[in-house]
Amino acid sequence: MSDCIFCKIVAGDLPSKKVYEDDQILAFHDIQPASPIHVLIIPKKHIASLAEAGDEDWVLIGHIQGAAAQIARELEVEQSGYRVVTNIGANAGQIVHHLHYHLMAGARLSPLGV
Ligand code: 5GP
Ligand code: ZN
């Protein structure tokens, strides 16, 4: 997807502060952190959102969840707690239409809701 900012980050055409990378996924710090630790974890493959994921993507998405737990361990927020969340569509406030999981930590997070 040539007009997708996260595809550009994957391609190295836009800079990012990387936290983790392997052949399938990339994790980097959010440019506008909403918590003291705010990391985005994305598949290198362009998938618009969880709603657009196909049966062939579930292993990849499971891998993202596993990486989130590992990154939280490495950032030493496992004990204090953290949140992993993905926004889908307008009501959830999805702005970037390339699947991404927010890993948020470092402070008491506000409850989920409206
Ligand atoms: P969404 O609302 O789509 O779930 O979240 C998109 C997130 O991507 C936001 O938290 C926003 O700050 C972050 N973001 C948008 N553009 C960039 C960028 O170019 N680089 C990085 N590192 N984060 C970005
Ligand atoms: Zn993309």
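Keep in mind it's a predicted model, so treat the numbers as computed, not measured.

Student: Help me understand the overall build of the protein in this model?
Tutor: Helix and strand counts for the protein stand at two helices and five strands. When its helices and strands are written in sequence order, the protein yields α-β-β-β-α-β-β. Taken against the 2.2 N^0.38 rule, which gives 13 Å for 114 residues, the C-alpha radius of gyration of the protein at 14 Å falls within 12% of a compact globule. Based on the C-alpha atoms only, the size of the protein along its principal axes is roughly 35 × 30 × 30 Å. Looking at the 114 residues of the protein, the share that counts as buried comes to 23%. The long-range fraction of contacts in the protein, counting pairs at least 24 apart against all pairs at least 6 apart in sequence, stands at 57%.

Student: Is there a simple way to explain the UniProt feature "domain: HIT" (unreviewed entry) in the protein in this structure?
Tutor: UniProt records the feature "domain: HIT" (unreviewed entry) at residues 5–114, using the numbering of this structure. The annotated region residues 5–114 carries 22% helix and 23% strand content, and the separation between its end C-alpha atoms amounts to 28 Å.

Student: For this particular structure, what's the right way to read the site of ligand 1?
Tutor: Surveying the vicinity of ligand 1 reveals 13 residues, the closest of which are Ile31, Gln32, Asn87, Ile95 and Val96. Residue classes in the shell around ligand 1 are distributed as seven nonpolar, five polar and one charged.

Scoring rules and cut-offs
Residues numbered from 1 in each chain as written. Chains lettered and ligands numbered in written order. Predicted model: local features only at pLDDT ≥ 70, side-chain atom pairs only at ≥ 80, totals over all residues. Helix = DSSP H or I, 4+ residues; strand = E, 2+ residues; numbered from the N terminus. Rg over C-alpha atoms; globule rule 2.2 N^0.38 Å. Buried ≥ 20, exposed ≤ 12 C-beta atoms within 10 Å, placed from the backbone. Contact = placed C-beta atoms within 7 Å. UniProt positions renumbered as here; feature names shortened; annotations may be inferred. Near = placed C-beta within 6 Å. Nonpolar A, V, L, I, M, F, W, Y, C, P; charged D, E, K, R; others polar.

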